[in-house]
Amino acid sequence: MSGQLADVAPTALRPRRAGLNYTPYLLLLPGLAWLVVFFVVPMLSLASQSLQTGTVDSGYVLTWHFQTYVDALSQFWPHFLRSIAFAGTATVLTLLLAYPLAYFMAHKSGRWKNILLVLVIAPFFTSFLIRTLAWQIILTDNGPVAGLARSTHLTNLLQWVQLTNNDSLMNSRFAVICGLTYNFLPFMILPLYANLERLDHSLVEAAGDLYATPIQTFWRVIWPLSLPGVVGGTLLTFIPAAGDFINSQLLGNTQTVMIGQVIDSQFLRIQDYATAASLSFVLMLIIVVIVAVYVRRAGTEELV
Amino acid sequence: MRWVRGHLVGIAGLLVLCYLLIPNIVVIVFSFNKPLGNYNYQWERFSVDAWTNPCGTPGICDSLGLSLRIGFIATVVSTLLGTMVAFAVGRHRFRGRASTNLLIFLPMATPEVVMGSSLLTLFIAMGIAPGTITILIAHILFCLSFVVVTVKARIASLDPRLEQAAADLFANPFQTFVRVTLPLVAPGIAAGALLAFSLSFDDYIITNFNASPSSVTFPMFVWGAAQRGTPVQINVIGTVMFLAALVLVATGSLISNRRARAAA
C-alpha cells in the first residue's frame, strides 16, 4: 500500500528524499563519536592495561602477561562469588517486594496512582549516598529496629543463617543485602509497573469467571504476561548491584567486601593497575555472560 | 480477617512503600538533630542550627556548587547529543542501525566500576590529568544512553498522522519539525534531561575514578564525611534535594495528566 503511495508521490520530491539519507548519519555523528571515544576505546585500553607489566613510577609496557589474570582470579575469586551471591539475593528480594507494590499501583490504587508514582520516583532522585548512610542510623545497635529484632529473636535467626556475626544488625551481610535491596528497588518497581499497567484487567476477571483461584490466576495469567517487565527489572537491578561497593563499604565489614571495592582499592589505593584492570575486565565478561544466558532462557520460557 | 485477605496486595504494597520512604524520613528528621560527637547517628536533641547555617562545614558548599555546575553542563550536552541520536534511531532506517542500538545499550549494561576504571586507564594512557574535565567527559558518557532511551520511547509513541497532517497543510519539513514534532517530543526530552541531571548529580563510583583532590563533587564530599564524621548539613542538603525532587516529579505528573485530559 505504502509502495503504491510512493509511486504516486510527485517526482519533484524524490531528489530531496535521496538527500535525506545523510541526515541519520549527521544526527548520529557527535553522540556516537562520544560513545566510541569514551566507551569503546577505554574498554580496549582496559584490556590492554590488564596485559601490561610495570609499575606506576616506571611506566607500563604491553607484555601480554596473562599470568596477571591467573593471579588475580586465584586471589579474588571469593569476592566475585560473594558479589554475585549478594546481587542475586538482592535481585530476588527486590522482585518479591516490587511485585505487590507495582501491581497495586497499576490496578488497585485508583486516584492515588499518581501520588504513589511520585513517592516511588522521588527518593530515586535524592542522593544515593545520603540514603545509604541513613541505613546506618536505622540499623544502629541501640536503635528501635535492633531492639525489636532482639526481642523477637530475629537476631538469633540471622546469626544462625550467618547473615550476622553477633546480635547487632549493622556491619553484616544482612545490612549489605538490606541496603542493596533498598537502593535498587525503584529499578525493579518502575519496569514492572510499566508492564503491569498495560495488562488488560478483564483477563484477570475472565480467569476468575472460569473458577481459577487467585493463586492460579496469578501463575497462569498475570505472571506469564508480566515476564518482560520482570526480565527488564531484574537486569536493571542485578547489573548495578553486582558492581556496587557503596553498600558493602558503608554497611558491611571485612567479610562482606565485594569485587567493586577490590577494583576500586587496587586502582586508587594500591595502584596495581594490571591486577585492577584484569579484575574489571573479568567482571564485565561475567556480567555479559550472565545477562546473555538469562535473556535467552527468559525468552524461551516466554514461548512455552 | 476477611478484609485483610481482600486487601493483601495493597497492604504488602504499602509496607514496601514504607521501606522505600523510611530512609528519606530518617534523613529529614536527623537534619534537626544536634549530635554530641562527629557522627550524626544518635538522636540527641532538636535544633535548627544546620538549617540556619547550611554552609557551616568547610568544603560542603564548594562541592555542592561543583556538582551543580557539572550536572548542568553534562545535562545540556548529553540531552542535545542524546536527542539527536534518538531522532536518528527512532525516525530513520539506515545501515548499522542494529549495531548503533547495541552501542547505546552497552554502557547501561556496564557496571559503574568497569566504566569508571576503563576511562581511568584511557586517561592514564593518554597522559590526561584527572579533574573537572575528565569528570564531565564521564558524566556526559553515562547520561547519554539514558537520554537516548527516554527520548526514543517518546518518539516511538507519537502518532505519525499528526506530521502527515502538517505536511498536507503545506508545512515544509522544517516548520513541521519545529511546530509539530518538537513540541510533541518535548516531554520526553524534559524527562531525559531530568534523569541525566539526577544521574550526574548523584554519581559517586565513576566520578571517584576520574576526579582529583581539587575537584571534589558533593557525593565525594559525603563519602569522605562518612569516613571522618557526618555533619548535619549533609542531611539538610539531602532534605532539600528530596523536597525539590518531590515538587519536580509532582509537577511533571500534573502537567502530563492535564495534557492527557485535554487530549481525551
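For clarity, every value in this text was computed on a predicted model and none was experimentally measured.

Rules used throughout
Residues numbered from 1 in each chain as written. Chains lettered and ligands numbered in written order. Predicted model: local features only at pLDDT ≥ 70, side-chain atom pairs only at ≥ 80, totals over all residues. Helix = DSSP H or I, 4+ residues; strand = E, 2+ residues; numbered from the N terminus. Buried ≥ 20, exposed ≤ 12 C-beta atoms within 10 Å, placed from the backbone. Rg over C-alpha atoms; globule rule 2.2 N^0.38 Å. Contact = placed C-beta atoms within 7 Å. Core = buried A, V, L, I, M, F, W, Y, C linked by C-beta atoms within 7 Å. Domains from an automatic or database assignment. Nonpolar A, V, L, I, M, F, W, Y, C, P; charged D, E, K, R; others polar. Pairing = 2+ DSSP bridges. Expected span 1.5 Å × (residues − 1). pLDDT = per-residue confidence, 0-100. Axes fitted to C-alpha atoms, helices over the stretch in contact; angles between N-to-C directions. Parallel < 35°, antiparallel > 145°, perpendicular 65-115°, else oblique. Left-handed = near helix turned anticlockwise from the far one by under 90°.

Considerations on the overall build of chain B
Then, in step 1: When its secondary structure is counted, chain B shows twelve helices and zero strands.
Then, in step 2: Overall, chain B shows an N-to-C arrangement of helices and strands of α-α-α-α-α-α-α-α-α-α-α-α.
Then, in step 3: The principal-axis extent of the C-alpha atoms belonging to chain B is close to 70 × 65 × 35 Å.
Then, in step 4: Counting the 264 residues in chain B, one finds 42% classified as buried.

Some points on the overall build of chain A
Then, in step 1: Helices and strands together make up the secondary structure of chain A, namely 14 helices and two strands.
Then, in step 2: For 304 residues, the compact-globule formula gives about 19 Å, and the C-alpha radius of gyration of chain A, at 25 Å, lies well above that figure.
Then, in step 3: For chain A, the spread of C-alpha atoms along the principal axes amounts to about 80 × 65 × 35 Å.
Then, in step 4: For chain A, the residues scored as buried account for 43% of the 304 residues in total.
Then, in step 5: The long-range share in chain A, meaning contacts at least 24 apart out of those at least 6 apart in sequence, stands at 68%.

What to know about the nonpolar core
Across soluble globular proteins, nonpolar side chains show a tendency to be buried alongside one another.
Then, in step 1: Among the nonpolar cores identified, the biggest contains 149 residues, and A:Ala102, A:Ile189 and B:Val85 are the most heavily contacted of them.
Then, in step 2: Per-element accounting of this core gives the leading share, 16 residues, to helix α9 (residues 173–197) of chain A.
Then, in step 3: Not counting the four nearest positions on each side in its chain, A:Ile189 is found in contact with A:Ala98, A:Leu101, A:Ala102 and A:Val120.

Notes on the domain arrangement of chain B
Residue and element names in this part refer to chain B.
Then, in step 1: Along its sequence, chain B is carved into domain 1 (58–225) and domain 2 (231–264).
Then, in step 2: The C-alpha centroid of domain 2 is placed 20 Å from the C-alpha centroid of domain 1.
Then, in step 3: Listed by partner, the interface residues are six residues for domain 1 and six residues for domain 2.
Then, in step 4: Contributions of two or more residues to the side of domain 1 that touches domain 2 are made by α4 (60–91), α9 (173–202) and α11 (218–228).
Then, in step 5: Of the residues assigned to the side of domain 1 that touches domain 2, the class counts are six nonpolar, no polar and no charged.

Structural notes on the interface of chain A and chain B
Then, in step 1: Across the contact, 66 residues belong to chain A and 63 residues belong to chain B.
Then, in step 2: Element by element, the count of residues in the side of chain A that touches chain B is highest for helix α3 (residues 23–50) of chain A, at 18 residues.
Then, in step 3: Residues belonging to the side of chain A that touches chain B are distributed by class as follows: 51 nonpolar, twelve polar and three charged.

Brief notes about the pairing of strand β1 (residues 52–55) of chain A
Residues and elements named next belong to chain A.
Then, in step 1: Alignment of β1 against strand β2 (residues 59–62), held across four bridges, turns out to be antiparallel. Its bridge partner being in β2, Thr 53 is matched across the sheet by Val 61.
Then, in step 2: In textbook terms, the turn of a hairpin is the stretch between consecutive antiparallel strands, and for β1 and β2 this stretch comprises three residues.

A closer look at helix α6 (residues 112–126) of chain B
All names here are of chain B.
Then, in step 1: The terminal C-alpha atoms of α6, which comprises 15 residues, lie 21 Å apart, in line with the 21 Å expected from a rise of 1.5 Å per residue.
Then, in step 2: Summarising burial for α6: twelve of the 15 residues are buried, a large majority.
Then, in step 3: Buried residues of α6: Glu 112, Val 113, Val 114, Met 115, Gly 116, Ser 117, Ser 118, Leu 119, Leu 120, Thr 121, Leu 122 and Phe 123, and no others.

Observations regarding the confidence of the model for chain A
Predicted coordinates in areas of low pLDDT are best not read in detail.
Then, in step 1: Per-residue confidence for chain A gives a mean pLDDT of 85, with 91% of residues at or over 70.
Then, in step 2: Predicted confidence is poor over residues 300–304 of chain A, with pLDDT under 50, and the contacts of this stretch with residues over four places away or in other chains come to one contact.

Some remarks on the packing of helix α4 (residues 67–108) of chain A against α9(A)
Residue and element names in this part refer to chain A.
Then, in step 1: Two numbers describe how α4 lies on α9: the axes approach to 6 Å, and their chain directions differ by 40°. Taken together, α4 and α9 sit at an angle that is classed as oblique. Relative to α9, α4 is oriented so that their crossing is right-handed.

Digging into the domain arrangement of chain A
Accessible area lost upon the coming together of the parts serves often as the stated size of an interface.
Residue and element names in this part refer to chain A.
Then, in step 1: One can read the domain layout of chain A as domain 1 (2–50) and domain 2 (67–303).
Then, in step 2: Once you take the C-alpha centre of each, domain 1 and domain 2 turn out to be 37 Å apart.
Then, in step 3: With four residues of domain 1 in contact, the opposing surface of domain 2 contributes seven residues.
Then, in step 4: By residue class, the composition of the side of domain 1 that touches domain 2 is two nonpolar, two polar and no charged.

Some words on the environment of B:Phe105
Residue and element names in this part refer to chain B.
Then, in step 1: Counting through the fold element by element, Phe 105 comes out in helix α5 (residues 97–105).
Then, in step 2: For Phe 105, a count of 13 C-beta atoms within 10 Å gives the class partly exposed.
Then, in step 3: Once the C-alpha coordinates of Phe 105 and Ser 145 are considered, the two residues, 40 residues apart in sequence, prove to be 6.8 Å apart.

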